[in-house]
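These are the residues of each chain, in order.
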Amino acid sequence: MSDNEIVCALIERNRFVTRQFFYVNCRPLFTSIIHHVFDYPVEYDEFVNELYGLLMKDDAKRLRQFDFRSSIYQWIKTVAIRHFTYKRDEMIDNTSHNHLSNIDLSAPESYADTGDGHERLVDTESKIAAHIDFENLLLRMKNKRYADVIRRLVIEDAEPKKLAAEMNVTIENLYNIKKRAMAAFTDIVLGDIEKYKNKEN
């Protein structure tokens, strides 16, 4: 789906698109924001309901402000980081009437902080954004084919069979490409984490 189609479907409260967007497409992004922003356990459902309420308040006023100058994922990342950075010292308030439950979504298992003691060193929204800027990470990948596969399968949730056909490869080959692509992507992320830790020490 295009960004315009996603936004229209969200405004219309399309059940399938809303669930897919918040609980599948954006899950890696949102779990990263939870990890970097909060220093106490926050459930994924709480986070999503709070953000959904913000976007849909006053007839989806905030969502309608999306101007398509960036991707919907980049935009919602900025909105979420800004909102939750200012709210991170208080428990998330779920008093909004614009909850996802109100459009009858069956949410998958929620994310909760594991309490494993990992240090959260991010203390400004700009630092948080820098650490989870997936698009920039993808752009840094030397193998652009790998980056495109991750973007299409993970970010855009493209149908694997259709993507395999577009790339003129078998579905098995596509999954092998994805596996190698994710390994290369992980190497970049781990390298960044190590550099960041060294700077802080």
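Only a predicted model underlies this, so the values are computations on that prediction, with no experimental measurement involved.

Colleague: I'm lost on unusual backbone geometry in this one. Help?
Modeller: Positioned with a positive phi, D58 is a non-glycine residue whose angle comes to about 55°. Looking at the element boundaries, D58 is found in helix α4 (residues 44-64). For D58, a relative accessible area of 55% puts it in the exposed group. A positive phi angle, close to 55°, is found at D59, a residue other than glycine. For D59, the location among the structural elements is in helix α4. D59 gets classed as exposed once you look at its relative accessible area, which sits at 57%.

Colleague: Explain the packing of helix α3 (residues 27-37) against helix α5 (residues 72-87) here, please?
Modeller: For any two helices packed against each other, one specifies the crossing angle of their axes together with the interaxial distance. Running from amino to carboxyl end, α3 crosses α5 at an angle of 25°, the nearest separation of the two axes being 11 Å. Compared by their axis directions, α3 and α5 come out roughly parallel. For the crossing formed where α3 meets α5, the hand is right-handed. On α5, the residues that touch L29, F30, I33 and V37 of α3 are Y73, I76, K77, A80, I81, F84 and T85. Classifying every residue of the contact of α3 with α5 gives nine nonpolar, one polar and one charged.

Colleague: Please explain the side chain of T85 as it appears in this structure.
Modeller: Relative to the helices and strands, T85 resides in helix α5. Residue classification places T85 among the buried residues on the basis of a relative accessible area of 11%. Engagement of the side chain of T85 in a polar contact is seen with the backbone oxygen of I81, the distance being 2.5 Å.

What counts and what doesn't
Residues numbered from 1 in each chain as written. Predicted model: local features only at pLDDT ≥ 70, side-chain atom pairs only at ≥ 80, totals over all residues. Heavy atoms only, no water. Helix = DSSP H or I, 4+ residues; strand = E, 2+ residues; numbered from the N terminus. Buried < 20%, exposed > 50% of the residue type's maximum accessible area, 1.4 Å probe, protein only. Axes fitted to C-alpha atoms, helices over the stretch in contact; angles between N-to-C directions. Parallel < 35°, antiparallel > 145°, perpendicular 65-115°, else oblique. Left-handed = near helix turned anticlockwise from the far one by under 90°. Contact = heavy atoms within 4.5 Å. Nonpolar A, V, L, I, M, F, W, Y, C, P; charged D, E, K, R; others polar. Polar contact = N/O pair within 3.5 Å; in protein donor to acceptor, adjacent residues only side chain to side chain.

What is shown is where atoms sit, not what they do.
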